[in-house]
Protein chains: 2
Amino acid sequence: MQKTERVVVVGGDAAGMSAASQARRMRADLEIVAFERGAYTSYSACGMPYYVGGVVADVEPLVARTPQEFLKRGIQAHVRHEVESIDLNRRMVHVTRLEDGAALSEPFDHLVIGTGAVPIRPALPGIDARGIHALAILEDGMRVRQAVERDRPQNAVIVGGGYIGLEMAEALVMRGLNVSLVERGASVMNTLDTDMGDVVSQALRDIGVTLYLEESIDGFETDGGKVAFVKTDRRTLPAELVILGIGTRPDTVLARNAGIPLGETGAIKINARMQTDVEGVWAAGDCAEAFHLISRRPVHIALGTIANKQGRICGINLGGGYATFPGVVGTAVSKICTVEVARTGLNEKEARALGLEYVVGRIDSTTRAGYFPGAGKITVKVLAERATGRLLGAQLVGIEGAAKRIDVFATALHAGMTVEEVQYLDLSYAPPFAPVWDPILIGARKAAEQL
Amino acid sequence: MQKTERVVVVGGDAAGMSAASQARRMRADLEIVAFERGAYTSYSACGMPYYVGGVVADVEPLVARTPQEFLKRGIQAHVRHEVESIDLNRRMVHVTRLEDGAALSEPFDHLVIGTGAVPIRPALPGIDARGIHALAILEDGMRVRQAVERDRPQNAVIVGGGYIGLEMAEALVMRGLNVSLVERGASVMNTLDTDMGDVVSQALRDIGVTLYLEESIDGFETDGGKVAFVKTDRRTLPAELVILGIGTRPDTVLARNAGIPLGETGAIKINARMQTDVEGVWAAGDCAEAFHLISRRPVHIALGTIANKQGRICGINLGGGYATFPGVVGTAVSKICTVEVARTGLNEKEARALGLEYVVGRIDSTTRAGYFPGAGKITVKVLAERATGRLLGAQLVGIEGAAKRIDVFATALHAGMTVEEVQYLDLSYAPPFAPVWDPILIGARKAAEQL
């Protein structure tokens, strides 16, 4: 009789559990066991700012699937279990059951690494004080909300103006705190060009966030082990609550220690089927690389939407099917109250770094027909390669209804379209939805005219 | 000295005036003269239902550009001038100045035909009674609004459940009328499949419209020359106001009489540069054909978005440039109060008529992350070719934020993508904007699973 094959999944969030679920659908005979160091599986990390802000009242809806639900599908998901090491020779992982410290050894035939990413915590004086939070797992979000509701802090400082920083700034403003945001760059949202980021910076100021741009953090002053002030290179800001939003790095400790090769980005190197360089070892999600279709290089982008896709593809292949991940184009979207912001492809800095010559089309238009109630401003910036007209990237800032338009550019990037092609796309039009020339088309035309 | 070349444009709306404007930008030396039988140039016909409903208060914002504004750009646009015939031998058009009946003869070197489409008015008993309106030009919309405000009709009947019928039904409900809609098909919106059209039918009922499906109009009973009742093959409905929304046909009388060839659709035959088969004679917009990229056949689709594109391309070529119209994929969007509806590509009936074998993916999802406030239902239907997986078309019905997603499918159709490719597109995700798997991706995946 053939032995049942055993799949061990390290990390119980988007990538790992998507892989587990998909592998189960493909092959009923697999034994599938997942270990998650936190208390929750398959939660929406992206929902945390909205939970902190109170837009989402309870934490339960953020959990897509509990261990009990996984068990019904024949997947054992053990929460509060930390995988300590991977032994590739003996095909085992060593696990600590956090509840009682018990050490478990778990054999595998297939290993899926879905350890995610960890927030960067710079080694600054006072960084370990209470009240300084980074958002990695769901419990982090719960702790911040608890701190807000229980300790009633008055002053919050957000360190870093990326998506998480922005969304947390909005959340804390909604909670009535005085919110300052310190960002090293010349504008927030450094995945946008500065001219577009400036619009977002202004949107933050408009909701009452005090911005300190081109400032960096020197450290934290504490009072009884609790943070009291944030020191920048220019000033000292009172803060009973600090949110670190200066980015993440892939959590590759286990992989590295086991000798599983990392890529040039520092994330785990995988092929299009989510296989690492080690037979039977797979990786997916925020700990792994993805291929960027426009730069044509591996990138590390920690986003749930990529993690879910990679996890699914991993599971199909692991289950004996065949699927490849085509890659990413760097699409992202966010909002600050009523201001929506989105980007895809390459921005100017990225294009320059790749030595690409480009033209820029930048236009202001409206989200609906100009005469239609609710029409509001949308700014579209389009980059195209100079010699070929090939679309390189796009950025959008505008009111409600603006941001999802980025998906057209994302699709056009996947298809390798030129801006000449984009400008005549048969996009939908009716006065409540768009001007007769959608802002997408005008942006592309403007870029085409620069060629 | 070289004689100034003279361009005559027949029809002063989207196609004709886009052509005129673009030709002017390309060549300062052209003499450009346009004739429009109505009183307005370059107006938004699509805005009329919203003007009738009072969502748009005044008529002026619907006019993108007046004859005075055109004159400043060196374009003479004569309103209330009807072109009676085209003399290709003498390169002249014969025009009646409607104000005084004067007959003018206008020479041309280039002729642009932008005569648009006319609403179908079936030869039924009583069809010419007062109170029976079709919406072709802006004055039609003004007359309906005037009738609503002055005569205070209580009962309106809409004939036909297409976009105009639906939007006018909403407008008249907003004006407090009892509105009935009579449609020959099994559901409204016959550009959707019946299963999707049913959702729209229900949305109409929900706002108080009485639907009579699978009924046809036998005629109208009048009272002193004014409509009083609509007779269907099943009942008699009281109606002091009737809106005809049973479609349009291209206005090709002038072209046909002049011997300018029409295509198989009955619209004017043009090439990708908007040239008719007659040297120096161009056509664009609702009177002309467009090439459908999926059926790979000429089609006649009367929509402002196509008319503007074709007009622009006509003007570039006419002005000595080079531009070709890639074609259309049949994208359209509308809404009934809070229910949005959109389509692109081929529906089932169209696919069958072309002999295409297809699979269907149909899913229900949400417009935002399920836990995010304002998330609502969206239904996505995707058609893919059986043998190849090539995307053939998509239909969407849902709450606010649903419909513009059709543009991703439209872009994917332009690119010739398969549903396997669509399912892994790097679309934007954040909880206020989409579930982590956008409904587009799930719909495409569902279709891919049927292959």
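Residues numbered from 1 in each chain as written. Chains lettered and ligands numbered in written order. Predicted model: local features only at pLDDT ≥ 70, side-chain atom pairs only at ≥ 80, totals over all residues. Heavy atoms only, no water.

**Overview of the overall build of chain A**
- The helix and strand inventory of chain A stands at 12 helices and 25 strands.
- Over its C-alpha trace chain A gives a radius of gyration of 23 Å, about what one expects of a compact globule, namely 22 Å for 451 residues.
- Considering only contacts within chain A whose residues lie at least 6 apart along the sequence, 62% involve residues at least 24 apart.
- Carbon together with sulfur atoms contributes 47% to the accessible area of chain A, which is approximately 17100 Å² in total.
- Each charge class in chain A was averaged separately, 48 positive and 53 negative side chains, and the resulting centres sit 1 Å apart. (Helix = DSSP H or I, 4+ residues; strand = E, 2+ residues; numbered from the N terminus. Rg over C-alpha atoms; globule rule 2.2 N^0.38 Å. Contact = heavy atoms within 4.5 Å. Areas by Shrake-Rupley, 256 points an atom, 1.4 Å probe, with all protein chains shown as cover. Lys, Arg positive; Asp, Glu negative; His and termini not counted. Charge placed at Lys NZ, Arg CZ, Asp CG, Glu CD.)

**Points about the relation of the copies chain A and chain B**
- Expressed as a screw operation, the relation of chain A to chain B combines 0.0 Å of axial shift with a rotation of 180°, fitting to an RMSD of 0.0 Å. Overall, the copies show the geometry of a two-fold rotation axis. For chain A, the residue whose C-alpha comes nearest the rotation axis is A:Val408, separated from it by 2.5 Å.
- Counting the interface residues of chain A, we find that 98% of their copies in chain B are interface residues as well, pointing to one common contact surface. (Least-squares fit on C-alpha atoms with pLDDT ≥ 70 in both.)

**A few points about helix α12 (residues 439–450) of chain A**
- Relative to the 16 Å expected for 12 residues at 1.5 Å per residue, α12(A) spans 17 Å between its end C-alpha atoms, a close match to the ideal helical length.
- Among all positions in α12(A), only A:Pro439, A:Ile440, A:Leu441, A:Gly443, A:Ala444, A:Arg445, A:Ala447 and A:Ala448 are buried.
- Buried residues belonging to α12(A) abut β23 (358–366), β24 (377–385), α10 (406–415) and α11 (419–422) of chain A together with α8 (304–318) of chain B.
- Capping the start of α12(A), A:Asp438 holds a side-chain oxygen 3.0 Å from the backbone nitrogen of A:Ile440, two or three residues further along. (Expected span 1.5 Å × (residues − 1). Buried < 20%, exposed > 50% of the residue type's maximum accessible area, 1.4 Å probe, protein only. Polar contact = N/O pair within 3.5 Å; in protein donor to acceptor, adjacent residues only side chain to side chain.)

**Examining the environment of A:Gly116**
All names here are of chain A.
- Along the chain, Gly116 turns up in the loop between β7 (110–113) and β8 (117–119).
- For Gly116, a relative accessible area of 16% puts it in the buried group.
- Residues Gly116 and Ala283, spaced 167 residues apart in sequence, show a C-alpha to C-alpha distance of 9.8 Å.
- Beyond its immediate chain neighbours, meaning those up to four positions away, Gly116 contacts Pro250, Asp251, Asp286 and Cys287.

**As for the interface of chain A and chain B**
- Opposite the 61 residues of chain A that make contact, chain B presents 60 residues.
- Across the interface of chain A and chain B, roughly 5200 Å² is buried in total on both sides, 67% from carbon and sulfur atoms.
- Joining chain A to chain B, the criterion identifies six salt bridges.
- Residues B:Glu449 and A:Arg312 are paired through a salt bridge, measuring 3.7 Å at the closest nitrogen-oxygen approach. (Buried area = accessible area lost by both parts, 1.4 Å probe. Salt bridge = Lys/Arg side-chain N within 4 Å of Asp/Glu carboxyl O.)

**Quick word on the sheet that holds strand β25 (residues 391–398) of chain A**
All names here are of chain A.
- One open sheet accounts for five strands, arranged β21-β22-β25-β24-β23; its pairing is antiparallel. The open sheet terminates on both sides in strands that have one partner only, identified here as β21 (332–336) and β23. With strand direction ignored, the average angle separating the axes of adjacent strands in the sheet is 10°.
- With nine bridges connecting them, β23 and β24 associate as antiparallel partners. Paired with Ser365 across the bridge in β24 is Ile378.
- Strands β21, β22 (339–345), β23, β24 and β25 of the sheet are contacted by helix α6 (residues 194–206), whose axis makes an angle of about 20° with β25.
- Relative to β25, α10 is tilted by about 175°, and along the sheet it contacts β22, β24 and β25. (Pairing = 2+ DSSP bridges. Axes fitted to C-alpha atoms, helices over the stretch in contact; angles between N-to-C directions.)

**Quick word on the packing of aromatic side chains**
- This structure, assessed with the given rule, holds four aromatic pairs over all chains.
- Positioned above the aromatic ring of B:Trp437, the side-chain terminus of A:Lys309 is 5.9 Å from the ring centre. (Phe/Tyr/Trp six-rings, centres within 6.5 Å; stacked < 30°, edge-to-face > 60°. Lys NZ or Arg CZ within 6 Å of the ring centre and 35° of its normal.)

**As for the packing of α10(A) against helix α10 (residues 406–414) of chain B**
- Two numbers describe how α10(A) lies on α10(B): the axes approach to 8 Å, and their chain directions differ by 20°. The pairing of α10(A) with α10(B) is recorded here as roughly parallel in orientation. For the element pair α10(A) and α10(B), the recorded crossing hand is right-handed. Counted together, A:Asp407, A:Val408, A:Thr411 and A:Ala412 of α10(A) and B:Asp407, B:Val408, B:Thr411 and B:Ala412 of α10(B) form the full contact between these two elements.
- Taken together, the residues of the contact of α10(A) with α10(B) sort by class into four nonpolar, two polar and two charged. (Parallel < 35°, antiparallel > 145°, perpendicular 65-115°, else oblique. Left-handed = near helix turned anticlockwise from the far one by under 90°. Nonpolar A, V, L, I, M, F, W, Y, C, P; charged D, E, K, R; others polar.)

**Points about the packing of helix α1 (residues 14–26) of chain B against α8(B)**
Residues and elements named next belong to chain B.
- The interhelical angle for the contact between α1 and α8, taken along N-to-C directions, is 35°, at an axis separation of 7 Å. When the axes of α1 and α8 are compared, the crossing they make is right-handed. Within the contact between the two elements, α1 uses Ala14, Ala15, Ser18, Ala19, Gln22, Ala23, Arg25 and Met26 and α8 uses Ala307, Asn308, Gly311, Arg312, Cys314, Gly315, Ile316 and Leu318.
- Split into classes, the residues belonging to the contact of α1 with α8 amount to nine nonpolar, five polar and two charged.

**Considerations on the domain arrangement of chain A**
All names here are of chain A.
- By the assigned domains, chain A splits into domain 1 (6–118 + 249–318), domain 2 (121–246) and domain 3 (341–450).
- Just the C-alpha atoms count here: the centres of domain 1 and domain 3 sit 35 Å apart.
- The interface of domain 1 with domain 3 comprises five residues on the first partner and seven residues on the second.
- Buried surface at the junction of domain 1 and domain 3, both sides included, amounts to about 500 Å², of which 72% is carbon and sulfur. (Domains from an automatic or database assignment.)

**Observations regarding the pairing of strand β6 (residues 102–107) of chain A**
All names here are of chain A.
- In the sheet, strand β5 (residues 92–97) pairs with β6 via six bridges, with the strands oriented antiparallel. When the sheet's bridge partners are listed, Val95 is paired in β6 with Leu104.
- Joining the antiparallel neighbours β5 and β6 is a turn of four residues, in which Gly101 adopts a positive phi near 75°.

**Topic: the sheet that holds strand β14 (residues 226–232) of chain A**
Residues and elements named next belong to chain A.
- The three strands are arranged β13-β14-β15 in an open sheet whose pairing can be described as antiparallel. For this open sheet the edge positions go to β13 (217–223) and β15 (236–238), each flanked by a neighbour on one side alone. Neighbour to neighbour, the strand axes of the sheet diverge by 30° on average, direction disregarded.
- Strand direction decides the pairing type here: β14 and β15, joined by three bridges, are antiparallel. By the bridge assignment, Lys231 is partnered in β15 with Thr236.

**Some words on the pattern of salt bridges**
- Scanning the entire structure with this criterion turns up 60 salt bridges over all chains.
- Because the salt bridges share partners, they merge into one network encompassing A:Asp193, A:Asp195, A:Glu348, A:Arg352, A:Arg362 and A:Lys381.

**Digging into unusual backbone geometry**
- At A:Met189, a residue that is not glycine, the phi angle is positive and equals roughly 60°.
- Structurally, A:Met189 is set in the loop between β11 (178–183) and α6.
- Of the residues examined, A:Met189 reaches a relative accessible area of 1% and is grouped as buried.
- Positioned with a positive phi, B:Glu214 is a non-glycine residue whose angle comes to about 55°.
- Note that B:Glu214 resides in the loop between β12 (210–213) and β13 (217–223).

**Comments concerning helix α4 (residues 138–151) of chain B**
Residue and element names in this part refer to chain B.
- Look at α4: 20 Å from first C-alpha to last across 14 residues, which is about the 20 Å you get at 1.5 Å a residue.
- Every buried residue belonging to α4 is among Leu138, Glu139, Asp140, Gly141, Val144, Arg145, Ala147 and Val148, and all of these are buried.
- Packing partners of the buried residues in α4 comprise α2 (48–53), β9 (132–134), α5 (163–174) and β16 (241–244).
- Just beyond α4, the residue with positive phi is Arg152, at close to 45°.

**Here's the deal with the pairing of strand β10 (residues 155–159) of chain B**
Residue and element names in this part refer to chain B.
- When you tally the buried positions in β10, you get five out of five residues, the bulk of the element.
- The parallel pair β10 and strand β11 (residues 178–183), bridged by α5, forms a crossover whose chirality is right-handed.
- Note that β10 and β16 share four bridges and pair parallel. Within β16, the position partnered with Ile158 by the bridge is Ile243. (Right-handed = clockwise from strand over helix to strand, strands pointing away.)

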